[in-house]
Amino acid sequence: MTKYHMKYVIFFSLSFAFLACNSKKDKQTKTKGNILVEYTDNQLLDTIQFQTFNYFWDGAEPNSGLARERYHTDDVYPTSPKNTVTTGGSGFGFMAILVGIERGFISREQAVNRFTKMVDFLETADRFHGAWPHWLNGETGKVVPFSKKDNGGDLVETAFLIEGMLAVREYFKSGNAQERALVTKIDKLWHEVEWDWYTKGGEDVLYWHWSPNYKWEMNFPVGGYNECLIMYILAAASPTHSISKSVYEKGWARNGAIVSKDSLYNKPLVLNYFEHSDDLIGPLFWAHYSYVGLNPKGLSDQYADYWELVKNHALIHYEYAKENPLKFKGYGDDMWGLTSSYSVKGYVGHRPGDDHGVISPTAALSSFPYTPKESMKMLRNLYKNHDSLIGKYGPYDAFSFEHNWYTPNYLAIDQGPIPVMIENYRSGLLWDLFMENKDVLRGLDKLGFIVEQNN
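All of these numbers come straight from a predicted model, not from anything done at the bench.

1. Section: the pairing of strand β12 (residues 346-349)
In the sheet, strand β11 (residues 340-343) pairs with β12 via 4 bridges, with the strands oriented antiparallel. When the bridges of β12 are listed, Y342 appears paired with Y347. In textbook terms, the turn of a hairpin is the stretch between consecutive antiparallel strands, and for β11 and β12 this stretch comprises 2 residues.

2. Examining the packing of aromatic side chains
The tally for this structure, following the rule as stated, stands at 43 aromatic pairs. Centroid distance W307 to W431: 6.5 Å. Interplanar angle 85°. Geometry classified as edge-to-face. Taken together, the residues W307 in helix α9 (residues 306-323) and W431 in helix α14 (residues 429-434) connect sequence positions 124 residues apart. Comparing W307 with W431 shows no difference in burial state: the two are buried. Over the ring of W57 we find R114; its NZ or CZ atom is 4.1 Å from the centre of that ring. Against the face of W307 rests K297, its NZ or CZ located 5.3 Å from the ring centre.

3. Looking at the confidence of the model for the protein
The share of residues in the protein with pLDDT of 70 or more is 91%, and the mean pLDDT across the chain is 92. Contacts from residues 1-27, a stretch scored under 50 in pLDDT, to residues over four places away or in other chains number 47 contacts. Ignoring residues within four places in sequence, the model shows residues 31-36, a span with pLDDT below 50, making 5 contacts including any to other chains.

4. With respect to the pattern of salt bridges
Going through the model one piece at a time under the given rule, you end up with 21 salt bridges. Of the charged contacts in the structure, one is a salt bridge between K185 and E123, with a shortest N-O distance of 3.8 Å. With K185 in helix α6 (residues 177-192) and E123 in helix α4 (residues 108-124), this pair connects stretches of sequence that are 62 residues apart. The partly exposed category is assigned to K185, whose relative accessible area is 25%. Accessibility expressed as a relative area gives 28% for E123, which makes it partly exposed. For E192, the salt bridge identified is with R127, shortest N-O distance 2.7 Å. Taken together, the residues span a long stretch of sequence, with E192 in helix α6 and R127 in the loop between α4 and β5 (135-137) at a distance of 65 residues. Residue classification places R127 among the partly exposed positions, given a relative accessible area of 24%. Each of R169, E170, K173 and D187 takes part in one network of salt bridges that share partners.

Parameters at a glance
The numbering scheme is per chain: residues are counted from 1 as the chain's sequence reads. Totals for whole chains, interfaces and linings use every residue, but because this is a predicted model, local features are given only for residues with pLDDT of at least 70 and side-chain atom pairs only at 80 or more, for both listing and counting. Side-chain measures were taken over the full set of non-hydrogen atoms in the model, leaving aside hydrogen atoms and water. A pair of strands counts as paired when DSSP detects no fewer than two bridges linking them. Where helices and strands are cited, they refer to DSSP runs of H or I of at least four residues and of E of at least two residues respectively, numbered from the N terminus. Any pair of Phe, Tyr and Trp rings, taking the six-membered ring for Trp, is counted once the centres come within 6.5 Å. Such a pair is stacked with planes under 30 degrees apart, edge-to-face with planes over 60 apart, and tilted for the rest. A simple rule labels every residue: compare its accessible area, found with a 1.4 Å probe on the protein chains alone, to the largest value its type can have, and call it buried under 20%, exposed over 50%, or partly exposed in between. Sitting over a ring, as applied to charges here, requires NZ of Lys or CZ of Arg to be within 6 Å of the ring centre and within 35 degrees of the ring normal. On a scale of 0 to 100, pLDDT captures the predictor's confidence in every residue. It only takes one pair of heavy atoms within 4.5 Å for two residues to be counted as in contact. One speaks of a salt bridge when a side-chain nitrogen belonging to Lys or Arg is within 4 Å of a carboxyl oxygen belonging to Asp or Glu.

See below:
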């Protein structure tokens, strides 16, 4: 254990113990001698960022350094092997480790060594026309099928992975020899993703999957709006395998049908959330995954003001929990947020309109840039009153007061956005890095996006 790590383990262990002891007080306070000391917002943010960062640091799969798909505290893994790593979740992990450097949890040198290990593994792991699968065996680099026919390239998960790696590229591009060597490796992997090939021979849409055994049988053309905006932007931004603007306009934006005129809680939806149903609002991870790197502030195109889109998305979930139309136990202004997560019965995509009485902490906590006051209420309530729902990697994935249920388990794709989006709220770090990438800016321009400078 390094001196950096030891320092923060001691600090956060004490902080966590303090929180647990103050569950019945109106304010989170501790005593030092006869002096009453209040636990500040920044200390809370430091604590949760450290814990969730640590999922991707101490909790990483040891051979590859990548993010385990899931971590179960009972060490029982009934659906996929413990050494299964997730490519999309590892993209969030790349960014979480950058947060670790900036917050002093680890040294820059430690991070470079870990990043190099991760990238070296990805260089030799299974790829399919440059795209990685959803899951990999962290010991062998071979594909672990996500489902029977989903045993090849996953372009959406690849986009989340590239999003994280490009932020790392920008962070180290002017660094020492080892850091520049890392940047060169990342550039090579980025250039090798054949985004245009995933148009299935030139169609005006991107397809999610391709399998060497089942070819295009998954048959999932990706139309918006959902979590996949970043895939289209990176596909347009690629300096080697770029798509045309028409793929974005006809495939993603569906010739303008992506635009919504509907509202919920007096807040415009801005875009239609579902291509094939009349449901109005999606789970909150749709406001996070593309935007861990892509800065929605000042971002617009012919279809949307993206800051209005994501902020309203989070506020609608908040207002829904306050109204609590289904009268689920525990919902309120300090207990809110629905997204895809573990649930009482399996994995479920929770949202207004499909609410099972299950709260997923990542939903509110990853929305800090959009709803800072509302998210802080949720954070304080969790750490003050519900410490049994928090483990060594931060809040557990999901819980339900209605059903008297919680799972002491974690998912990488839920833990990863928490430290990253909190850092975007606090300093804008990942937004600044990703939006500095010249390829990304060219891709945004190609698709007709306007990027305003933010002070």
